[in-house]
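# Analysis of the macromolecular model
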There are 2 protein chains.
Amino acid sequence: MSSPKSTYHHGDLHRALIDAAADLLSERGAGGFSLREVARRAGVSHAAPAHHFGDATGLLTAVAAEGFQHLHTAMIESMEGVSDPVDRLAAIARAYVEMAIAHPGHSSLMGRHDLVSPDSQLLREWSTRAYESLHEAVAAVAEEVNPEVDIDNATRLCWAMVEGLLQVHDNMTAMAEASGADTPLPTIGDVAEVFSNLIVDGIRGSDSA
Amino acid sequence: MSSPKSTYHHGDLHRALIDAAADLLSERGAGGFSLREVARRAGVSHAAPAHHFGDATGLLTAVAAEGFQHLHTAMIESMEGVSDPVDRLAAIARAYVEMAIAHPGHSSLMGRHDLVSPDSQLLREWSTRAYESLHEAVAAVAEEVNPEVDIDNATRLCWAMVEGLLQVHDNMTAMAEASGADTPLPTIGDVAEVFSNLIVDGIRGSDSA
DNA sequence: ATGATAACTTGTCAATGTCAAGATATAATT
DNA sequence: AATTATATCTTGACATTGACAAGTTATCAT
């Protein structure tokens, strides 16, 4: 959060609004989002965000786009120094999940087509880049393990699994909190690794897709 | 949707409100939900839903619970007359996806912990039943294919995959609409089958979880 | 120094969810 | 059958919200 403004101009309101929005989303989920509350937290009047983002959808879309940017960065970094394709895929899965846990506000929006504008060039750019990183990693695995597999489908499935993993993680967290259960959950890194092993074994065993 | 009331009492307002809510959710997604709009569609005043559901969260929770009920029913029916565990798992995956497509309004809420009350007994009952059906099916597959696999983890992963599949289906649908793309998408049934094959192959190849 | 403009504030409005009092008609009791 | 209780709804009010438009501030360009 930027320091409080002492002049008319905030100084970096664009940044402050995205940060405030991500914080609010992290605390209350998308259902508790309020543009006025974001403005209050950024220390400006309720209509100030309109200049930077147009409407509420504009701000939410910018947060989602930044989420995909974080994801892309995390994916690239996770693969550095890792040469084995199977290990790279595992690293990506872990990176995705860790990004989501580190940025819950961003993550809560990235699949929300009812809240985010599909026309945003920034959103498309970053979501496409993230997807393509995954596509390349899946292709490298397939080449080594089973060149006959359909790479597009395998990538979609891989993406689906990780999205679903986040949903299940939310489910398990919410249920654990509601029930006070003391059942130890596997760590998300463990689950991510099981996921990527499943995917690799699935690709290996796949006759066709 | 029930027929319009001609007396003071609606006759089956509880049912009409759930139907109206599911329709509205299906049209606008959760982000476009409005309790007053639901009441308008049901032909009653804006405060009438409070008697049946308390607040907006109460209505949304009831819709989500009904979604899990639909899911459970679809799962059970899909397995009838199917004896092979692997085929049963494929049937479940398809049933889940088909239920979600048939009931988009319900489906849009089933993972939304920011909108739904975890304290609802009805929600827990139906979500637990659905989960247990899947658990049994996964256990049957594991017993045949690889008794060493951790059934709880495999079930969670299976659940995660299907949740993620729905997310990806939404993604692909939204992106196709936004870009006017003419790339043919695989049918969701095809993808569900690939999923279950992946899961089964993954379980088969799994050393441990 | 002056004018243009980006960046904000203030004010207004319609729509929203919630709450509480009031009204209706159905069920239960006498 | 008449009266009372109660489930079920309506009306009205209020605070909050997103959006829009006019007004204000201070920074930039000339």
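Summary of the structure given here. A quick note: this is a predicted structure, and the numbers were derived from the prediction, not measured.

## Some points on the protein's contact with DNA strand D
Surveying the vicinity of DNA strand D reveals 23 residues, the closest of which are Leu35 and Arg36 of chain A together with Tyr8, Ser45 and His51 of chain B. Near the protein, meaning within 4 Å, the atoms of DNA strand D are sugar or phosphate in a fraction of 61%, with bases accounting for the rest. In the environment of DNA strand D, a phosphate oxygen lies 2.7 Å from a nitrogen or oxygen atom belonging to the backbone of histidine 10 of chain B. Within the side chain of histidine 51 of chain B, a nitrogen or oxygen atom sits 2.5 Å from a phosphate oxygen of DNA strand D.

## Some words on the environment of arginine 15 of chain B
Residue and element names in this part refer to chain B. Mapped onto the fold, arginine 15 is located in helix H1 (residues 13-28). For arginine 15, a relative accessible area of 29% gives the class partly exposed. Taking the C-alpha atoms as reference, arginine 15 lies 10.0 Å from histidine 52; in sequence the two are 37 residues apart. Among the polar contacts listed, one links the side chain of arginine 15 to the side chain of aspartate 19, at a separation of 2.8 Å.

## Digging into the environment of phenylalanine 68 of chain A
Inspection of the secondary structure assignment puts phenylalanine 68 of chain A in helix H4 (residues 56-79). Along the chain, phenylalanine 68 of chain A and leucine 123 of chain A lie 55 residues apart, while their C-alpha atoms are 7.5 Å from each other.

## Things to note about the packing of H4 of chain A against helix H7 (residues 121-145) of chain A
Residues and elements named next belong to chain A. Between H4 and H7, the least distance of the axes is 8 Å, while the angle of their chain directions is 25 degrees. One finds that H4 runs roughly parallel with respect to H7. For the element pair H4 and H7, the recorded crossing hand is left-handed. Mapping the contact onto sequence places Thr61, Ala64, Ala65, Phe68, Gln69, Leu71, His72, Met75, Ile76 and Met79 in H4 and Leu122, Leu123, Trp126, Ser127, Arg129, Ala130, Ser133, Leu134 and Ala137 in H7.

## Concerning the protein's contact with DNA strand C
By nearness alone, 23 residues border DNA strand C, and Tyr8, Ser45 and His51 of chain A together with Leu35 and Arg36 of chain B come closest of all. If you look at DNA strand C and keep only atoms within 4 Å of the protein, 58% of those are sugar or phosphate atoms. Residue histidine 9 of chain A places a side-chain N or O atom 3.2 Å away from a sugar or linking oxygen belonging to DNA strand C. Here a phosphate oxygen of DNA strand C and a side-chain polar atom of histidine 51 of chain A are 2.4 Å apart. Put simply, the parts of the chain that give the surface near DNA strand C at least two residues each are helix H3 (49-53) of chain A together with helix H2 (35-42) of chain B.

Cut-offs applied
Residues numbered from 1 in each chain as written. Chains lettered and ligands numbered in written order. Predicted model: local features only at pLDDT ≥ 70, side-chain atom pairs only at ≥ 80, totals over all residues. Heavy atoms only, no water. Near = heavy atom within 4 Å. Polar contact = N/O pair within 3.5 Å; in protein donor to acceptor, adjacent residues only side chain to side chain. Helix = DSSP H or I, 4+ residues; strand = E, 2+ residues; numbered from the N terminus. Buried < 20%, exposed > 50% of the residue type's maximum accessible area, 1.4 Å probe, protein only. Axes fitted to C-alpha atoms, helices over the stretch in contact; angles between N-to-C directions. Parallel < 35°, antiparallel > 145°, perpendicular 65-115°, else oblique. Left-handed = near helix turned anticlockwise from the far one by under 90°. Contact = heavy atoms within 4.5 Å.

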